[in-house]
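# Structural characterization, general
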Amino acid sequence: MAQQTQVFVPQPDRPPPPDTSGPLAWIRRNLFRDIPNTLMTFVGAYIIFTVVTAIVNWALIDAVWQAETRRECLDAVGRAGACWPGVAAWFENLIYGLYPKDQVWRINLGFLALVVWMVPLWLPKVASKIAIGLSAVMLYPFLASYFFLGGEKGIIWTALIAAGLAGLIWVWATALTEMRTGKPVGTWLVARLGQADTDEILQRRIKQGAALALFAMAFLMVTQISFEEVRTRFWGGLFLTLVISGIGITFSLPAGILLALGRRSKMPVISTLCTLFIELFRSVPLITILFMFNTMLPLFMPAGTEVNQLVRAIVAVCLFAAAYMAEVIRGGLQAIPSGQYEAAKSLGMNYWQTTSQVVLPQALKIMIPTIVGNFIGLFKDTTLVSIIGLFDLMNMARAVGEDTDWLGLFIEPFFVVTLIYFVFCFAMSSYSINLEKKLAAGRDRT
Amino acid sequence: MTVLPDATPSPEGRRGRISRALNDARIRSVLIQVLTLLAVFAAAIWIVNNTVANLNARNMSAGFDFLDVSAGFGIGFTLIPYQEGDSYLRVFAVGIMNTLLVAVVAIVLATIFGVFVGLARLSNNWIIGAVARSYVEVIRNTPLLLQIIAWYFGVFNLLPRPRDSIELANGFVLNNRGFYLPAPVAEAGFSLFAAVVLGAIVFAIGLYVWAQRRLERTGQAFPAILTGVAIVVFVPLLAYVVLGRPVSWDMPVLQGFNFTGGLSVPPSFCALIVALSAYTSCFIAEIIRSGIQSVSKGQLEAAGALNLPSNWTLRRVVMPQAMRVIIPPLISQYLNVTKNSSLAIAIGFPDLVSVWMNTSLNQSGRAIPIVAMTMAFYCAVSLSVSAVMNVYNKRVQLQER
């Protein structure tokens, strides 16, 4: 039986699809997919072109760089170009307010101290990051407030400043030993003295002695320096904005955690009080709270007490921020499944152990983007203190246009100040997105 | 050490009982709460005492009796009639109306613009997405107060004088005194016309409800939205022609140095509205975007598998699910607009905080009642909105089985 074999003949290859990768394909897919898409590309390009050329022309090409008064600028280019000399003349005020010029280095040194304090947090080998972060929150404010405020210091005030200085020295000592040997500075010292194998009590004694010696040294150093007093009414500009928002941020997180825990508490009195506080402060605008504290705090205090206006503003901002933070934290707490509580209970943990070691770390972690968002909001909201008469960054910018030399110069300082706010807020939000991705790396398995 | 047998139980036992009581969760909780209450009461009494002493020392009073007294100052822009001799209570009402006006106008504009920007961010065109994204990032990362003041001092105050006004359209005029627009004036037959308009709107809503019910009952669709829009547009137009122009327009005209006639709003109002709606539209855009992105891809694929037309996929599959995510934060943005409208004080627009907490407080010196009334107003708004929200959330919550 003859069998005719049929040879399999494949169909001819179909032509490859038009390129689906590479820059050309990307352009085709994202800019010229179809006719409406192409039209939109042209509209978008036109918008970008108009805005960018308008800004570049105004801010760079047509701008005036040398002038004594605004009149000269107007005579030269009119309103077509920016008048930068006005901003340059006021730039120091925009940053430091009316702080005495010969004392400005104290502000720089104060913020430099914060940067130095925080640097170990980004060094990979440093292990005790939580302790360093906590010390920055608890001790740095004393150091900074003396740098900024200066003036007479009693014995308690000196001790607090010394604690701040000692904290800074400890942070770097421990960061250095941990990078070198992987041990915190106390353990390192014990090992250096050849006591690593002795009993714990002796070791603890050595550590305590070293801490005391450090504190005594810092105390002596602090008594040697004295800064002249700079009253808070000379504070202003970006410096004041950073001080108010820094205090607000530092205060609002712990206070918000306590309020949120209080609101979820099973004790009716505590939860009612916390709920009342949170709801009251959240339902009214910040400006009414600022006004309230501005007019009523002097009434609430015993007769004759002078409450500094900056303090009034800071109290208002702190309470307001705490109420908002409390709701964010509560959202995080609610997201923790009850199995976590039950597991902690079955291990015999009590309320505070459960909260601080099981619940809060998870709750804070998932709420990081919202918490940072809140910090950004707080930073922006500090502009409101200008309404009760403090000269923060924004109010300083407004004051430029009221200077007789630069009368009516509003747009240029506002432009610069907008850039400053944008850089700060955008940096914060980008950092939080970055942090979120890093933390989510172990969680999402997609 | 040897442990002594428990021979004399009285002191040891009592201490033991106390420590056991302190370790009892219930007793401890009662104790903590009583102590907290005492502390709060003590603080309250201390504050009240100080306040009374301070008020007496400054010859101030905390009563509400000043509300009937004539305020004696003028207000630049009022929605309801107000004269200098009117009472403080009237000032309060004027402030509330102005605040609500700002809030409503800004909410409407911010929603329209926010939806637009939010959809632009989702566009499959890269440039449009980038433009929308930069707009959102720039506006969102700068303080609102700065934007309000910049719009006021940098734009609306620098507009030309009335003589060289910018005429946007016939009857819509912009100059450094404000924004002027035609005012509707009721003519003969206006009430009949209004009744017809109202009737058309009610009928269109009724039609929509009926169409929804029928769709759920029988599955047959009826183009209710299209028909409704047609009714609301054409019926009043017809009535307008038939009734012989029941509404005429009062145009603003230049007389001497300023415009008269028509409606007008001051530059501070324009700056406030532009800044508030631009700022809020960014947040609304982000809400819209995340709401639409929250609808899972499987839903779209399922709709595709059922071969639903694409506008049905959007209207019947994506939007209902996105709305559940969008509405709660959207409402809280609306509340924020109402609260943020209080920044009007920075540019001198007479809203509640400006005329009441600032001018009236300085004039009358009644700090406590004035602060209390202002806070009560904002609390009332926010509590009533959250009550409505709770009802809505209950309704749209997923019915889990």
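These numbers come from a predicted model, not from an experiment.

## Some details on the overall build of chain B
Within chain B, the regular secondary structure consists of twelve helices and eight strands. Against the globule reference of 21 Å for 401 residues, chain B gives a C-alpha radius of gyration of 30 Å, more extended than a compact globule. Its C-alpha atoms give chain B principal-axis dimensions of roughly 110 × 75 × 45 Å. The proportion of buried residues among the 401 residues of chain B is 27%.

## Concerning the overall build of chain A
Across its full length, chain A carries 18 helices and zero strands. Here the C-alpha atoms of chain A give a radius of gyration of 30 Å, more than 25% beyond the 22 Å that 2.2 N^0.38 yields for 446 residues. Projected onto its principal axes, the C-alpha coordinates of chain A cover approximately 110 × 80 × 55 Å. Relative to its 446 residues, chain A shows a buried fraction of 32%. The long-range fraction of contacts in chain A, counting pairs at least 24 apart against all pairs at least 6 apart in sequence, stands at 67%.

## Observations concerning the environment of A:Phe251
All names here are of chain A. By secondary structure assignment, the location of Phe251 is in helix 10 (residues 237–263). According to the C-beta neighbour criterion, Phe251 is buried, with 20 such atoms within 10 Å. Spatially, the C-alpha atoms of Phe251 and Leu319 are 8.6 Å apart, while their sequence positions differ by 68 residues. Those residues in contact with Phe251, other than ones at most four positions away along the chain, are Cys318 and Ala322.

## Things to note about the interface of chain A and chain B
Counting from both sides, the interface comprises 46 residues of chain A and, opposite them, 49 residues of chain B. Within the residue set of the side of chain A that touches chain B, elements represented by two or more residues are helix 2 (35–61), helix 11 (268–283), helix 12 (286–300), helix 17 (393–400) and helix 18 (411–440) of chain A. At nine residues, the largest contribution of residues to the side of chain A that touches chain B is made by helix 18 of chain A.

## So, the sheet that holds strand 2 (residues 172–175) of chain B
Neighbouring strands of a sheet are bound in pairs by backbone hydrogen bonds; such pairs are parallel or else antiparallel. Residues and elements named next belong to chain B. On the basis of which strands lie adjacent, the open sheet formed by four strands has the order 1-2-3-8 and antiparallel pairing. A single partner strand is all that each edge strand has here, and the edge strands are strand 1 (166–169) and strand 8 (263–265). Going across the sheet, the axis of each strand differs from the next one's by a mean of 20 degrees, ignoring polarity. Taken together, the three bridges between strand 2 and strand 3 (residues 178–181) define a ladder with antiparallel strand orientation. Following the sheet pairing, Val173 is matched in strand 3 by Tyr180.

## Let's talk about the packing of helix 6 (residues 190–218) of chain B against helix 7 (residues 224–242) of chain B
All names here are of chain B. Contact geometry for helix 6 and helix 7: axes closest at 9 Å, N-to-C directions at 170 degrees. One element, helix 6, and the other, helix 7, form an angle in the roughly antiparallel class. The interaxial crossing formed by helix 6 with helix 7 has right-handed handedness. For the pair helix 6 and helix 7, the contacting residues are Phe193, Val196, Val197, Ala200, Ile201, Phe203, Ala204, Leu207, Tyr208 and Ala211 in the first and Ala224, Ile225, Thr227, Gly228, Ile231, Val232, Val235, Pro236, Ala239 and Tyr240 in the second. Among the residues making up the contact of helix 6 with helix 7, the classes are represented as 18 nonpolar, two polar and no charged.

## Concerning the domain arrangement of chain B
Considered domain by domain, chain B is made up of domain 1 (21–57) and domain 2 (88–182 + 251–396). Between domain 1 of chain B and domain 2 of chain B, the C-alpha centre-to-centre distance is 42 Å.

## Points about the domain arrangement of chain A
Taken as a whole, chain A is organised into domain 1 (21–61), domain 2 (69–99 + 236–446) and domain 3 (101–229). Computed from C-alpha coordinates alone, the two centres of domain 1 of chain A and domain 2 of chain A are separated by 36 Å.

## Some remarks on unusual backbone geometry
Look at B:Asn307: it is not a glycine, yet its phi comes out positive at around 60 degrees. Given 7 C-beta atoms within a 10 Å radius, B:Asn307 is considered exposed.

## Points about the nonpolar core
With 168 residues, the main nonpolar core has A:Phe239, A:Leu290, B:Ile148 and B:Leu272 as its most contacted residues. If one sorts the elements of this core by residue count, helix 8 (residues 267–293) of chain B sits on top with 15 residues. Those residues in contact with A:Phe239 that lie beyond four places of it in its chain are A:Ile95, A:Tyr96, A:Gly97, A:Tyr99 and A:Ile107.

## Things to note about helix 16 (residues 368–381) of chain A
With 14 residues, helix 16 of chain A extends 20 Å from end C-alpha to end C-alpha; this agrees with the ideal 20 Å at 1.5 Å per step. Turning to helix 16 of chain A, its buried residues are A:Ile371, A:Asn374, A:Phe375, A:Ile376, A:Leu378, A:Phe379, A:Lys380 and A:Asp381.

## Regarding the confidence of the model for chain A
Averaged over every residue, the pLDDT of chain A is 88; residues scoring 70 or more account for 98%. By mean pLDDT, helix 1 (residues 23–30) of chain A is the weakest element of chain A at 83, and helix 10 of chain A is the strongest at 93.

## A word on the environment of B:Ile80
One can find B:Ile80 in the loop between helix 2 (25–57) and helix 3 (88–121). Spatially, the C-alpha atoms of B:Ile80 and B:Val94 are 6.4 Å apart, while their sequence positions differ by 14 residues.

## Examining the pairing of strand 3 of chain B
Residues and elements named next belong to chain B. Taking the residues between adjacent antiparallel strands as the criterion, strand 2 and strand 3 are bridged by two residues. Pairing analysis gives three bridges linking strand 3 to strand 8, with the strands arranged antiparallel. From the neighbouring strand, Tyr180 faces strand 8, where its bridge partner is Ser264.

## Points about the environment of A:Phe32
Residue and element names in this part refer to chain A. Counting through the fold element by element, Phe32 comes out in the loop between helix 1 and helix 2. Along the chain, Phe32 and Phe42 lie ten residues apart, while their C-alpha atoms are 9.9 Å from each other. Those residues in contact with Phe32 that sit more than four places away from it in its chain are Ile27, Asn37, Thr38 and Thr41.

## Quick word on the confidence of the model for chain B
All names here are of chain B. Taken as a whole, chain B shows an average pLDDT of 85; of its residues, 95% reach a score of 70 or greater. Per-residue pLDDT, averaged within each element of chain B, yields its smallest value for helix 1 (residues 9–23) (65) and its largest for helix 8 (94). When the criterion is pLDDT under 50, residues 6–10 qualifies, and its contacts beyond four places in sequence or with other chains add up to zero contacts. Across the interfaces of the predicted complex, the ipTM metric reaches 0.86, alongside a pTM of 0.86.

## Observations regarding the packing of helix 2 of chain A against helix 4 (residues 126–140) of chain B
Viewed as axis vectors pointing N to C, helix 2 of chain A and helix 4 of chain B meet at an angle of 35 degrees, and their least axial separation amounts to 8 Å. Seen from above, helix 2 of chain A lies across helix 4 of chain B with left-handed handedness. Residues A:Met40, A:Thr41, A:Gly44, A:Ala45, A:Ile47 and A:Ile48 of helix 2 of chain A pack against B:Ile127, B:Ile128 and B:Val131 of helix 4 of chain B. Classifying every residue of the contact of helix 2 of chain A with helix 4 of chain B by side-chain character gives seven nonpolar, two polar and no charged.

## Concerning helix 10 of chain A
Residues and elements named next belong to chain A. Taking 1.5 Å of rise per residue, the 27 residues of helix 10 would be expected to cover 39 Å, and the 37 Å separating its terminal C-alpha atoms lies within 8% of that figure. Along helix 10, the largest kink reaches about 30 degrees and is centred on Ser252; proline Pro254 follows within four residues of it. Counting buried positions along helix 10 yields 22 of 27 residues, so the element is predominantly enclosed.

Rules of the game
- Residues numbered from 1 in each chain as written.
- Chains lettered and ligands numbered in written order.
- Predicted model: local features only at pLDDT ≥ 70, side-chain atom pairs only at ≥ 80, totals over all residues.
- Helix = DSSP H or I, 4+ residues; strand = E, 2+ residues; numbered from the N terminus.
- Rg over C-alpha atoms; globule rule 2.2 N^0.38 Å.
- Buried ≥ 20, exposed ≤ 12 C-beta atoms within 10 Å, placed from the backbone.
- Contact = placed C-beta atoms within 7 Å.
- Pairing = 2+ DSSP bridges.
- Axes fitted to C-alpha atoms, helices over the stretch in contact; angles between N-to-C directions.
- Parallel < 35°, antiparallel > 145°, perpendicular 65-115°, else oblique.
- Left-handed = near helix turned anticlockwise from the far one by under 90°.
- Nonpolar A, V, L, I, M, F, W, Y, C, P; charged D, E, K, R; others polar.
- Domains from an automatic or database assignment.
- Core = buried A, V, L, I, M, F, W, Y, C linked by C-beta atoms within 7 Å.
- Expected span 1.5 Å × (residues − 1).
- pLDDT = per-residue confidence, 0-100.
- Bend = angle between axes of the 7 residues up to and from the residue.

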